[in-house]
Amino acid sequence: MGMVTDSAMVVSAHPLATAVGVHVLQRGGNAVDAAVAVHWALAVVAPWAGNIGGGGLMVVRSADGTVHTLDFREMAPLAAHRDMYLDEHGQPISKLSLVGHKAVGVPGSVAGLFTAHDSLGRLPMAELIQPAIELAQSGFTLTALEAKELNAKLPGIRSVCTRPNPFTSKVQWHKGDTLRLPELASTLIRIRDGGVDGFYRGHTADLIVDEMRRGAGLLTHADLTSYQPVWREPVKGNYRDMEIITMGPPSSGGIVLIQALKAIEDMDLSRTGWQKAATVHRIVEAERRAFADRAKHLGDPDFVDIPSERLISKEYMAQRMSDFDCHRATPSSAIHAGDPLAESEHTTHFSIVDEEGNAVSCTTTLNASYGSGVVVGEGGFVLNNEMDDFSIAPSVPNRFGLVGSQANIIEPGKRMLSSMAPTIVTRQGQLFMVLGSPGGATIPTSVLQTVVNLADHGMSAKQAVAAPRFHHQWRPDTILMEANAITTEDSLALVKMGHTLMVRPPIGRVDAILVLPDGRLEAGADPRGDDAAAGY
Ligand code: DON
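Residues numbered from 1 in each chain as written. Predicted model: local features only at pLDDT ≥ 70, side-chain atom pairs only at ≥ 80, totals over all residues. Heavy atoms only, no water.

K.L.:
What's the story with the pairing of strand β12 (residues 423-427) in this structure? I'm lost.
P.N.:
It is a general feature of regular strands that their side chains alternate between the two faces of the sheet. Most of β12 is tucked away, with four of its five residues classed as buried. When strand β9 (residues 242-246) meets β12, the two strands line up antiparallel, connected through five bridges. When the sheet's bridge partners are listed, T246 is paired in β12 with T423. The pairing of β12 with strand β13 (residues 430-435) spans five bridges and is classified as antiparallel. If you follow T423 over to β13, its bridge partner there is L435. The antiparallel pairing of β12 with β13 creates a hairpin that spans two residues between the two strands, and Q428 there sits at a positive phi of about 45°. (Buried < 20%, exposed > 50% of the residue type's maximum accessible area, 1.4 Å probe, protein only. Helix = DSSP H or I, 4+ residues; strand = E, 2+ residues; numbered from the N terminus. Pairing = 2+ DSSP bridges.)

Structure, rendered in structure tokens:
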């Protein structure tokens, strides 16, 4: 069993961010206050994904059962256009949507944190941001994994940076080195003192726009001042005796998760067995169909009509599974969208429950590790490369191999389709799980397998997040699996059914909290990273 606490818990990708969150809870802050403080702290101590230059999604369930979901996803700059990453022959220009200034979407995180805090927080914002300011000033010690991540990104950052910055101040980083971010501290102080305007207007905005000018990027003052987070309707569905509460569009994560859960619900997975061929086959065929729908139907709900209710309905998924053959893989070429979509993990999820029973599930991202590699000159923070989550041309896969269509083409002011799935699960109206993951396309499947591990395979939270995972996303038509996720015998059985299997590095990095039958909280901090749980 993982760490167990009596009443409050924070699980995040970094022990210092977790400690900041627990401290806020101990001082009388609620789960939203803690989430805001953890997000600020992650922007410092987990700069590969924690951010102020990116965006995220937050699901909040108050102790009284009220649910709020906040979209602070980046959006396309006003000067963006459909073919901006294509050459004169209509071919994608290598890496243009991924590396450098043109890959950057309008950041949403700072506005998102203020919006969440204004509506649902309790402690003054200045108190919540202060620990991050101090961490940026004093610096923090890199773990082996963090040094490795940063070293891997150094050539990319060097190739696009227009000013000196702390990340490239060393030739190579080592475990135990101290990373200090004084310019980021100054930016955070401007935000502390100026609120949202401390980022979207004034000096910080000038620094961003100057950086864009030096690197031929698109972001302007008008992009920054027009950015607005949006409270969205949550997506909800049942799985067995549980209610899944998760993020709707512009993320595909929640819809894909619920579609796939609906498609496996009729099978008794505790009987077919954990990671046995029949179980894997069923989940893969469910994911194949859900991802095909993602590619066709999902995008920013402010720009496209999405038949969400229909997509997650039991009847629709029954119809989608009507050609399921329990002995044969259905080739992806035979699956089309219905009528009514090798990396380490470079986004970050955290889960929080406070002593009153309020819960926050939040996933935040720069997209790739260190995003576009662009560090805002004198601002000290990294900008995202979220633009790659748009469909840059029909059937051109993005960095996650995801293909899309009209629904996810680039339009000015539009949000790019996400796969993030911050999720809260209840049982008999009571809080049961808080969970989510990084991992791009593998996010909904990592969340799904964690739910299934807990609900169907009787695992503890610790076991459920640690258990090896597999993934299928319709295209490519391959089951990706972590080494040892599926036994040789079951792998051979799956190959006989017509599946192709491929081993890849870690899938997902799930940080979860499970409410035990006696009301205590069990942490599931993913051992794939430096993730840490703490509470009281
Ligand atoms: O929003 C999304 O789905 C992606 N930009 C998330 C990126 C991610 O999880 C990176 N980790 N591998």
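What follows picks up the thread again.
K.L.:
Any chance you could explain the sheet that holds strand β4 (residues 67-72) here in plain terms?
P.N.:
Neighbouring strands of a sheet are bound in pairs by backbone hydrogen bonds; such pairs are parallel or else antiparallel. One open sheet accounts for seven strands, arranged β7-β4-β3-β11-β10-β2-β19; its pairing is antiparallel. Both edges of this open sheet fall to β7 (230-232) and β19 (532-535), since each of them pairs with a single strand only. Going from strand to strand, the sheet's axes swing by 15° on average, the running direction of each strand aside. Pairing of strand β2 (residues 9-12) with strand β10 (residues 347-353) involves three bridges; the strand directions are antiparallel. Paired with V10 across the bridge in β10 is I352. Running at roughly 155° to β10, helix α2 (residues 31-45) makes contact with β2, β3 (55-61), β4, β10 and β11 (359-365) of the sheet. Lying over the sheet, helix α3 (residues 109-120) contacts β3, β4, β7 and β11, oriented at roughly 155° with respect to β4. (Axes fitted to C-alpha atoms, helices over the stretch in contact; angles between N-to-C directions. Contact = heavy atoms within 4.5 Å.)

K.L.:
I'm lost on the sheet that holds β12 in this one. Help?
P.N.:
Strand order in this open sheet of seven strands is β1-β18-β17-β13-β12-β9-β8, and the pairing throughout is antiparallel. Taken across any chain shown, the strands that pair with only one partner, and hence form the sheet edges, are β1 (4-5) and β8 (235-239). Sheet topology places β13 next to strand β17 (residues 511-515); two bridges connect them, and they run antiparallel. Looking at β17, one finds that M433 is bridged to L514. Of the strands in this sheet, β8, β9, β12, β13 and β17 are in contact with helix α15 (residues 443-455), which crosses β13 at around 135°.

K.L.:
Just to check I follow, could you spell out the site of the ligand for this structure?
P.N.:
Lining the immediate environment of the ligand, one finds 17 residues, of which T347, E386, D389, S418 and S419 sit closest. Between a nitrogen atom of the ligand and a side-chain N or O atom of D389, the distance comes to 2.6 Å. In the complex, the protein chains occlude 99% of the 350 Å² of accessible area that the ligand would expose alone. Under a 2 Å grid-point criterion requiring more than half of the atoms, the pocket assigned to the ligand is the largest cavity. (Near = heavy atom within 4 Å. Polar contact = N/O pair within 3.5 Å; in protein donor to acceptor, adjacent residues only side chain to side chain. Areas by Shrake-Rupley, 256 points an atom, 1.4 Å probe, with all protein chains shown as cover. 1 Å grid on protein atoms, 1.4 Å probe; cavity = no way out; pocket = protein on both sides within 12 Å on 5 of 7 lines; lining within 4 Å. Sits in = over half its atoms within 2 Å of the grid points.)

K.L.:
Which parts of the structure should I look at to understand the packing of aromatic side chains?
P.N.:
In this description, an aromatic ring pair is defined by two values, namely the gap between the centres and the angle between the planes. This model, assessed by the stated rule, comprises five aromatic pairs. Where F199 meets Y200, the ring centres are 4.8 Å apart and the plane angle is 70°; that geometry is what we call edge-to-face. Take F199: its relative accessible area is 0%, and that puts it in the buried class. Assessed through its relative accessible area of 4%, Y200 is described here as buried. A connected cluster of aromatic rings, assembled from ring pairs, spans F199, Y200, Y227 and F381. (Phe/Tyr/Trp six-rings, centres within 6.5 Å; stacked < 30°, edge-to-face > 60°.)

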